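Descriptive structure summary
Here's the letter readout for the chains.
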Amino acid sequence: MDDEDYSPSNSVTSVNSLASLLKEKLQSIPQKIRKKPTDYKLRAFVALMFLAVAFFVGFAYVLYHRQALTKAYFENVRFNEPKRLIRVFNNDDVEILKASLAVGIQGKQKSFPCLPEHRRSDGSECLEWLHNLRFYLKCLPHDPGVDNTTCYSVHWKALKPDVTPNDCFDWSDTKVHWFGAGQSVNLSWPLDTGSIDYTPFITGDMQKSQWGNVLTRYLINSKGAAIIIDEETPLHISVNNGKKEICLKAKYDDFAFANKVTEFPEMKYNICTSRDMKSLHTSIHSHRRAPLWDGLKPADMQTLDSLISEPVWQIAPRFKHELQDETISKYTEDVINLGFLKQGHVLINEFWQNEIGDLTVDTSRFATLNTTVDKLHRRGFKVAFTIQPFISTESKNFAETVQKRLLISERNSDRRIPALTRFKTLASAGVLDITNNRSVPWILDKLQSVIDKYHIDSFYFDLGTAYDMPHYYQCEKRLINPDQYKTIFTSTFEKILNIIGVSSAINLPRPPTFVSLPPFESSWEALELVIPTMLTYGINGFPFTMPGAVGGDIYWPGSEQFLPSAKGAVESNTNTTQDNGIALPERELYMRWLQMATFLPVMKFTHLPSKYNDERVLEMAKNLTLLRQKLVTPLLLKYKREALEEGLPLVRPLWLAADGDAPQLVRDEFAVGDEIVVAPVLRRGHTAREVYLPPGLWQDGIDGSLRKGNRWMHDYKVPTDRVAYFLRKPDDLRF
């Protein structure tokens, strides 16, 4: 309308007219076409159902996709290829092992089936991460009728030099405990309670954050899974290094694994499973096909029995000049004067020579050694000399060995120039090249002369650790790693000489050779390490182990001497005397150490109990000697047969003696076979402790009472002169 015709009343009229028209049109629409309020609810319900169906379809697709990527191998092995995550299950479909494979590969690189020329005809599955790693997995053949153990072989091959195969076994979800491998300063029993960074898996000094003196490439967990690593793998191991996992890495370096077996590092290991931990361990270490007794002579069995039933008397003065004929004669007279200890083996350290490597008796200090040895034999003692493969540069034999090229040389240098190293008191020494065929007759001729002249009964091999080898060592025959040297050295002489012990090992020596624990200082902290170390070596497959001296050893590895440390020493007015100028271990420490040692496979003494001039110490020593002779020794000899046949250790963790039902974290108790549980007191001033008894019926060794098993006993009283031990009894005895 024109401006002059516009007014608010006209506008309102127009709006009302439009509203009336719209209402009229709506009323003309059929009733059935109009939307009802309930239609909105129906549509919302339909939409919700559509979303739910879409969600479940998507979820099913993702789940199917994940399952499709997680391929099942050999029934009990499942491998997620993009995540490189492997899971192993037992026959009850319980996860017993989980591992992240090829940790070093960045991101989620895709794998591809191997080319035909890289595949194997042995049934192995083969995958390749292009230009990085090649992976083989297969199930090893086994006889289910013999045992329930199943093993799978894993083989990684690096395809370029900057790639290192690296697998990590995670226990954060599976909640298992791991045992075996070895010991270190921050790594004890079980392994997962400690930690160690990636370290070459070779023998060394535990106190230097290296692995200990006895190692085995074997790990077992509490759910019945084990890992056995091939000896050619350049192995580095870490535990609890930022995550709850044990990691294996194959890596070459310039010392431990300098001799490359393959162009690029490879890692080979087996994963074995069984129904439980005990049956798995027994199956792996069984010697039924090649029992340890096979080939043993009557003299070998006699030596084995005598080491178990008689003490080892370790004569180890601080300095060379202190070891003379009179020292040995006086020591053995003191043993006889005790009146209750058997004679046993007199072990004389390397000071029988003028210099290490002379391999002849120092006649300036042993002018009448013939007479002394004859006297010892008449008294019932056996005499053992300590020998090493090291030749001091001050030795009269050094020039001869250099001239005849009998020593290890340095890599990439003139073979006529020997590689030198340090060992114990020696600032400079060469090492006999045992792979050289000329070295064996040379050393045998020297030792046979000593045997013929002085009628020495046996030898103890002090082989040092891998780190005692020259850094750039090179033998005539290539070694996989420096530890292989000690294996060759021991195996070369074990059938020729009577060897009662070795200081270090990575393979089981032939009986009657015992494997020694590392030297421990005289301290309460060291006392607590003896049992877990002994248990670890037993689990590693060494049934015959020799602990150190009661009260602690005198020598630290790699040093001239060590005296009882401040941790174990007490004020001089409480030590009644000294032994050859060395302060005796604290009286209580010595008593508790002797109580524990009474139940160990071998009892070794340096300090005699009579040196304390204390009737209480002497009386306790007499009672413990009687206990060992009447109860412990017969059981050790009984389980010696089981060790020779099945490889089970004489001294066992509780879970091995109780069919896996015992707590795996117990590290201050042990069992002799499966018939005695020993719970020594290991802390200063304590006269009570917690004791766990495995299932069964047990007789208290202190008061003779019967005790129900499968439980903890709290605040169990153990006087200073007593030791807690329990004898297994038939279940019906309680009635």
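To keep things clear, this report deals only with the structure shown in the data block. (Residues numbered from 1 in each chain as written. Predicted model: local features only at pLDDT ≥ 70, side-chain atom pairs only at ≥ 80, totals over all residues. Heavy atoms only, no water.)

1. Remarks on the sheet that holds strand β7 (residues 133–139)
- Taken together, the eight strands give an open sheet; going across it, the order is β5-β6-β7-β8-β16-β13-β12-β10, and neighbouring strands pair in antiparallel fashion. Every other strand in the sheet has two partners, leaving β5 (112–113) and β10 (178–180) as the edge strands with one partner each.
- Across three bridges, the pairing between strand β12 (residues 218–221) and strand β13 (residues 225–229) is antiparallel. Note that in β13 the partner of leucine 219 across the bridge is isoleucine 227. (Pairing = 2+ DSSP bridges. Helix = DSSP H or I, 4+ residues; strand = E, 2+ residues; numbered from the N terminus.)

2. Points about a nonpolar patch on the surface
- On the surface, Leu42, Phe45, Val46 and Met49 cluster together to form a nonpolar patch covering roughly 410 Å² of accessible area.
- Structurally, valine 46 can be placed in helix α2 (residues 38–69). (Patch = residues over 30% accessible without salt bridge, like charges linked within 9 Å, V, L, I, M, F, W, Y side chains within 5 Å. Areas by Shrake-Rupley, 256 points an atom, 1.4 Å probe, with all protein chains shown as cover. Salt bridge = Lys/Arg side-chain N within 4 Å of Asp/Glu carboxyl O.)

3. With respect to the state of the cysteines
- Counting across every chain of the model gives three disulfides.
- Between the sulfur atoms of cysteine 151 and its disulfide mate cysteine 272 the distance is 2.0 Å. Its S-S torsion of approximately 110° makes the covalent link between cysteine 151 and cysteine 272 right-handed. Taken together, the positions of cysteine 151 in strand β8 (residues 150–158) and cysteine 272 in strand β16 (residues 266–273) put the pair 121 residues apart, joining distant regions of the chain.
- On the basis of relative accessible area, cysteine 151 is assigned to the buried category, the value being 16%.
- At a sulfur-sulfur separation of 2.1 Å, the disulfide partner of cysteine 168 is cysteine 247. The sign of the S-S torsion, about 110°, decides the handedness of the disulfide formed by cysteine 168 and cysteine 247: right-handed. (Disulfide = S-S within 2.5 Å. Buried < 20%, exposed > 50% of the residue type's maximum accessible area, 1.4 Å probe, protein only.)

4. Remarks on the pattern of salt bridges
- A complete count under the given rule lists 31 salt bridges for this structure.
- Here lysine 157 makes a salt bridge to glutamate 266, at a shortest N to O gap of 4.0 Å. With a gap of 109 residues between them, lysine 157 in strand β8 and glutamate 266 in strand β16 connect regions that are remote in the sequence.
- You can call glutamate 266 buried: its relative accessible area is 16%.

5. Section: the packing of aromatic side chains
- Under the criterion given, the structure shown has 23 aromatic pairs.
- On the numbers, 4.5 Å between centres and 15° between planes, the contact of tryptophan 352 with phenylalanine 385 is stacked. Placement of the pair is tryptophan 352 in the loop between β18 (345–348) and α6 (369–379) and phenylalanine 385 in strand β19 (residues 382–387), with a sequence separation of 33 residues. With respect to class, tryptophan 352 is no different from phenylalanine 385; both count as buried.
- Each residue in the set Phe79, Trp129, Phe135 and Trp156 is aromatic and connected to the rest through ring pairs, giving one cluster.
- Over the ring of phenylalanine 89 we find arginine 78; its NZ or CZ atom is 4.0 Å from the centre of that ring. (Phe/Tyr/Trp six-rings, centres within 6.5 Å; stacked < 30°, edge-to-face > 60°. Lys NZ or Arg CZ within 6 Å of the ring centre and 35° of its normal.)

6. Brief notes about the environment of methionine 713
- With respect to the helices and strands, methionine 713 occurs in strand β38 (residues 711–717).
- Look at methionine 713 and you get buried, because its relative accessible area is 5%.
- It is 7.8 Å that separates the C-alpha atoms of methionine 713 and leucine 693, two residues lying 20 residues apart in sequence.
- In this structure methionine 713 touches Arg689, Glu690, Val691, Leu693, Arg707 and Phe726, once residues within four positions along its chain are discounted. (Contact = heavy atoms within 4.5 Å.)

7. Let's talk about helix α3 (residues 277–285)
- Taken as a whole, α3 has its buried residues at Met277, Ser279, Leu280, His281, Thr282 and His285.
- Taking the backbone nitrogen of lysine 278 as reference, a side-chain oxygen 3.2 Å away marks aspartate 276 as the first, capping residue of α3. (Polar contact = N/O pair within 3.5 Å; in protein donor to acceptor, adjacent residues only side chain to side chain.)

8. A few points about the sheet that holds strand β37 (residues 706–708)
- As summarised here, the arrangement of the six strands in space is β32-β33-β34-β39-β36-β37, forming an open sheet in which the pairing is antiparallel. The open sheet is flanked by β32 (651–652) and β37, the only strands paired with a single partner.
- Two elements, strand β33 (residues 670–672) and strand β34 (residues 676–679), share three bridges in a ladder whose sense is antiparallel. Bridge assignment links valine 672 to a residue of β34, and that residue is isoleucine 676.

9. With respect to the pairing of β34
- Residues Ile676 and Val678 point to one face of β34 and Val677 and Ala679 to the other, with burial holding for every one of them.
- As consecutive antiparallel partners, β33 and β34 are separated by three residues, and within that stretch glycine 673 has a phi angle of approximately 60°, a positive value.
- Bridge count between β34 and strand β39 (residues 724–729): four bridges; the pairing is antiparallel. Bridge assignment links valine 678 to a residue of β39, and that residue is tyrosine 725.

10. As for the packing of helix α8 (residues 439–454) against helix α9 (residues 484–493)
- Where α8 contacts α9, the axes come no closer than 12 Å and their chain directions differ by 55°. Classed by the angle they form, the pair α8 and α9 counts as oblique. For the crossing formed where α8 meets α9, the hand is right-handed. Every residue of α9 that contacts α8 at Val440, Ile443 and Leu444 is listed here: Phe489, Thr492 and Phe493.
- A class-by-class count of the residues in the contact of α8 with α9 yields five nonpolar, one polar and no charged. (Axes fitted to C-alpha atoms, helices over the stretch in contact; angles between N-to-C directions. Parallel < 35°, antiparallel > 145°, perpendicular 65-115°, else oblique. Left-handed = near helix turned anticlockwise from the far one by under 90°. Nonpolar A, V, L, I, M, F, W, Y, C, P; charged D, E, K, R; others polar.)

11. A closer look at the packing of helix α4 (residues 298–309) against helix α12 (residues 615–646)
- Running from N to C, α4 and α12 cross one another at 140°; their axes reach a closest spacing of 9 Å. As the angle between them shows, α4 and α12 are arranged oblique. The handedness of the crossing between α4 and α12 comes out as right-handed. For the pair α4 and α12, the contacting residues are Met301, Leu304, Asp305, Ile308 and Ser309 in the first and Arg628, Thr633, Leu636, Leu637, Lys640 and Leu644 in the second.
- Residues that form the contact of α4 with α12 fall into these classes: six nonpolar, two polar and three charged.

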